[in-house]
Amino acid sequence: MTRAATDVPAHGRFVVVPAAYVFLLRDGATAGGATGGATEVLLQLRQGTGYMDDHWAAAAAGHVEAGETAPDAARRETLEEIGVTDVDLRFVTAMHRTRHDLAIDERIDFFFTARSWSGEPRIVEPAKCAALRWCPLDALDDLPQPVVPHERVVLAGLHDGTIESYTTFGF
């Protein structure tokens, strides 16, 4: 699809918007209450953002700012959105995605997981997050619905171990 002239930056080059996502993971409780059960992922219910509101999504995510690396953005977002620090990030995938209609929809998303951090995850921005919930990663069909579609692709790849270091969505 051809973009309107108003969608082209002054320099005339193609531009993508970078973002960083963090899926916090933990061992769930066993039937007896001890940890060591199936892996759980922390999801947030988005609200009031104008993008994918009322969808479940990574506990922390946001744009990479000018002069910031994707891991730095991921750490900043975990503090700003769920109040945790010292996040031990593990890179999962870079996802190149599009929706074909607006230049702002050309994205490169950097996904990370973390199994170690300091602090208890909590809602820091209640105007943007209606709820936080630990969900079993091995029961994708039982995740709260709806899940942001491109994030569900990454969750499925984490679940079954098929996630590649580079993925695409929308092409």
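First things first, this report covers the structure right here in the doc. Since the model is a prediction, treat every value here as computed from it, not as a measurement.

**A closer look at empty space enclosed by the protein**
Over the atoms, a rolling probe the size of a water molecule traces out where space has been left empty. Under the definition given, this model contains one cavity of 30 Å³ or more. In this structure, the largest cavity occupies an estimated 30 Å³ of space. Forming the boundary of the largest cavity are Tyr-51, Arg-97, Arg-99, Asp-105 and Arg-107. Considered class by class, the residues forming the lining of the largest cavity number one nonpolar, no polar and four charged.

**Observations regarding the packing of aromatic side chains**
If you walk through the whole model with that rule in mind, you get four aromatic pairs. Taking 6.0 Å as the distance between ring centres and 15° as the angle between the ring planes, the aromatic pair formed by Phe-23 and Phe-111 counts as stacked. In this pair, Phe-23 is assigned in strand 1 (residues 17–29) and Phe-111 in strand 6 (residues 107–114), connecting sequence segments 88 residues apart. Phe-23 gets classed as buried once you look at its relative accessible area, which sits at 1%. The class of Phe-111 is buried, set by a relative accessible area of 0%. Judged by centre distance (6.2 Å) and plane angle (15°), the rings of Trp-117 and Trp-134 are stacked.

**Thoughts on helix 2 (residues 149–160)**
Relative to the 16 Å expected for 12 residues at 1.5 Å per residue, helix 2 spans 17 Å between its end C-alpha atoms, a close match to the ideal helical length. Of the residues flanking the end of helix 2, it is Gly-161, one or two places downstream, whose phi is positive at about 75°.

**Brief notes about the pattern of salt bridges**
By the definition in use, this model includes 11 salt bridges. Of the charged contacts in the structure, one is a salt bridge between Glu-80 and Arg-76, with a shortest N-O distance of 3.2 Å. One end of the pair is Glu-80 and the other is Arg-76, both in helix 1 (residues 70–82) and four residues apart, which spans about a single turn. In this structure, the salt-bridge partner of Asp-141 is Arg-152, at a minimum N-O distance of 3.7 Å.

Here is what the cut-offs are and how they apply
Residues numbered from 1 in each chain as written. Predicted model: local features only at pLDDT ≥ 70, side-chain atom pairs only at ≥ 80, totals over all residues. Heavy atoms only, no water. 1 Å grid on protein atoms, 1.4 Å probe; cavity = no way out; pocket = protein on both sides within 12 Å on 5 of 7 lines; lining within 4 Å. Points joined across faces, edges and corners; volume = space filled by probe spheres on them. Nonpolar A, V, L, I, M, F, W, Y, C, P; charged D, E, K, R; others polar. Phe/Tyr/Trp six-rings, centres within 6.5 Å; stacked < 30°, edge-to-face > 60°. Helix = DSSP H or I, 4+ residues; strand = E, 2+ residues; numbered from the N terminus. Buried < 20%, exposed > 50% of the residue type's maximum accessible area, 1.4 Å probe, protein only. Expected span 1.5 Å × (residues − 1). Salt bridge = Lys/Arg side-chain N within 4 Å of Asp/Glu carboxyl O.

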